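Observations on the model geometry
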Amino acid sequence: MLYRPDHARALVFPFVFIGFVISLCLHEFGHAIVAYHCGDRTVRDKGYLTLDPLRYTDLQYSIVFPLIIMALGGIGLPGGAVYINLHYLRRPIYGTLVSAGGPLGTAVVLALLMALFAAVPEMSKTAPVLYAALAFLALLQVTALIFNLIPCPGLDGWGIIEPFLPAPLRELGRRVAPFAILALVAALFFVPGLSRWLWQTIFAACALVGLDARAAFAGLRLFQFWQ
């Protein structure tokens, strides 16, 4: 039904939202599968290797908060609820690998979407609504990658470098992580220089992977059915 423009406003929102939840599952699965192979066998008992959305999501941080940011700014946020037992990661490099596993999962989703566009080049003309919805979903992967790799406590970018930081700095990062992410989101939205840097980086990344940014923002407008 996404082929029919008259249904676009009603269908793009659930289509993109479900797609984003699936991408979130693959992101969190990336963390879990790497953690499993690095020594944390508890991820299997917790169901993190099942690709079950109920195992990966938290209503507030995985659904409500990311959905608000998606709707307001077109930015995909990581919001999973996979908890890794760091005591089972025997080497510092394992912590880096586990943190990198999530962004790798997001990158795989982005690569699959771009491969789909390449395989069906006429989609933009034959199914413009579907094309816009998928382009917006791809944009969410780009923004999630860029945002999540910022070395801010609580994000994977911090987790990648954290094992090699001094112990006091690691402890400080753990204490401020929940507030640091909120502060970063606010800064990226409301501090002109940072906001401009973010979108310049996003547009550069879209050009790099061949994503049609105009179609993606058309998808965002369709996603915002209330406007």
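An account of the accompanying structure is given in this report. (Residues numbered from 1 in each chain as written. Predicted model: local features only at pLDDT ≥ 70, side-chain atom pairs only at ≥ 80, totals over all residues. Heavy atoms only, no water.)

Digging into helix H9 (residues 167-190)
Taking 1.5 Å as the rise per residue, H9 with 24 residues should run 34 Å; its terminal C-alpha atoms sit 32 Å apart, in good agreement. Ala177 marks the point of greatest bend in H9, at about 65°, and the proline Pro178 comes within the next four residues. Listed in full, the buried residues belonging to H9 are Gly173, Ala177, Ala180, Leu184, Val185, Ala187 and Leu188. (Helix = DSSP H or I, 4+ residues; strand = E, 2+ residues; numbered from the N terminus. Expected span 1.5 Å × (residues − 1). Bend = angle between axes of the 7 residues up to and from the residue. Buried < 20%, exposed > 50% of the residue type's maximum accessible area, 1.4 Å probe, protein only.)

Focus on the nonpolar core
Within the largest apolar cluster, 51 residues are counted, with the highest numbers of intra-cluster contacts made by Val16, Phe117, Val142, Phe147, Ile202, Leu211 and Phe223. Every element with two or more residues in this core is listed here: helix H1 (8-37), helix H4 (59-73), helix H5 (92-119), helix H7 (128-148), H9, helix H10 (192-209) and helix H11 (213-223). Per element, the largest residue contribution to this core is 16 residues, and it comes from H7. If near-sequence neighbours (up to four positions away) are discounted, Ile202 is found in contact with Leu139, Val142, Thr143 and Ile146. Grouped together as the second largest cluster of nonpolar side chains are 14 residues, Phe17, Val21, Ala32 and Ala35 included. (Core = buried A, V, L, I, M, F, W, Y, C linked by side-chain atoms within 4.5 Å. Contact = heavy atoms within 4.5 Å.)

Things to note about the packing of aromatic side chains
A full pass over the atoms with the stated rule returns eight aromatic pairs. Between Phe189 and Phe190, the aromatic rings sit 6.4 Å apart at their centres with planes inclined by 45°, giving tilted as the arrangement. Residues Trp199 and Phe203 carry aromatic rings whose centres are separated by 6.0 Å and whose planes lie at 40° to one another, so their mutual orientation is tilted. Pair noted here: Trp199 and Phe203 are both in helix H10, with a separation of four residues, about one helical turn. Residue Trp199 is classed as buried on the basis of its relative accessible area of 18%. Accessibility expressed as a relative area gives 40% for Phe203, which makes it partly exposed. Taken together through their ring pairs, the aromatic side chains of Phe13, Phe17, Phe136 and Phe223 make up a single cluster. Its end group placed over the ring of Tyr36, Arg41 keeps NZ or CZ at 4.3 Å from the ring centre. (Phe/Tyr/Trp six-rings, centres within 6.5 Å; stacked < 30°, edge-to-face > 60°. Lys NZ or Arg CZ within 6 Å of the ring centre and 35° of its normal.)

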